[in-house]
Amino acid sequence: MVHGPATGLALLEPLAAGSLAGHHRLHTTRAHLLEMAGDLSAAVEDYRAAASLTASLPERGYLTARAARLGASVTTLLTSDDAPL
């Protein structure tokens, strides 16, 4: 984290093209870094992808809830941006 989320995302790219491509933990890590970088829409997509890939019901519930909370934040931001000043 010393070098920021963009560096972490860049380090994940080779892993995403390799054997971890379909692993839920890769998507979870990517979602977390995207969230930290401020790309909330992409983070929601990765949290949802991670939830769909895990076999653990508690983990799926957590990731689904995380995506929903973050998605609600995105909706709120979009709605507030459209409001007149």
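Residues numbered from 1 in each chain as written. Predicted model: local features only at pLDDT ≥ 70, side-chain atom pairs only at ≥ 80, totals over all residues. Heavy atoms only, no water.

## Quick look at helix 1 (residues 5–17)
Heads up, the rule is: Put simply, DSSP marks the helices as runs of H or I at least four residues long and the strands as runs of E at least two long, and each gets a number from the N terminus on. A helix is expected to span 1.5 Å for every residue after the first. Relative accessible area decides the class of each residue, using a 1.4 Å probe on protein chains only: under 20% of the type maximum gives buried, over 50% gives exposed, and in between gives partly exposed. It only takes one pair of heavy atoms within 4.5 Å for two residues to be counted as in contact.
Relative to the 18 Å expected for 13 residues at 1.5 Å per residue, helix 1 spans 19 Å between its end C-alpha atoms, a close match to the ideal helical length. Restricting attention to buried positions, one finds in helix 1 the residues Pro5, Gly8, Leu9 and Leu12. In this structure, the buried residues of helix 1 make contact with helix 2 (24–37).

## So, the pattern of salt bridges
To keep it simple, the criterion reads: Definition used for salt bridges: Asp or Glu carboxyl oxygen within 4 Å of a side-chain nitrogen of Lys or Arg.
Evaluation of the coordinates by the stated rule reveals 2 salt bridges. Here Arg30 ties to Asp46 by a salt bridge, and the two come within 2.4 Å at their closest N and O atoms. Of the two residues, Arg30 sits in helix 2 while Asp46 sits in helix 3 (residues 40–53), which places them 16 residues apart along the sequence. On the accessibility criterion, Arg30 (29% relative accessible area) is partly exposed. What makes Asp46 buried here is its relative accessible area of 7%. Put simply, Glu35 and Arg66 hold a salt bridge, and the shortest N to O gap is 2.2 Å. Of this pair, Glu35 sits in helix 2 while Arg66 sits in helix 4 (residues 57–82), and the two are 31 residues apart along the sequence. Both residues of the pair, Glu35 and Arg66, count as buried.

Structural measurements only, silent on function.
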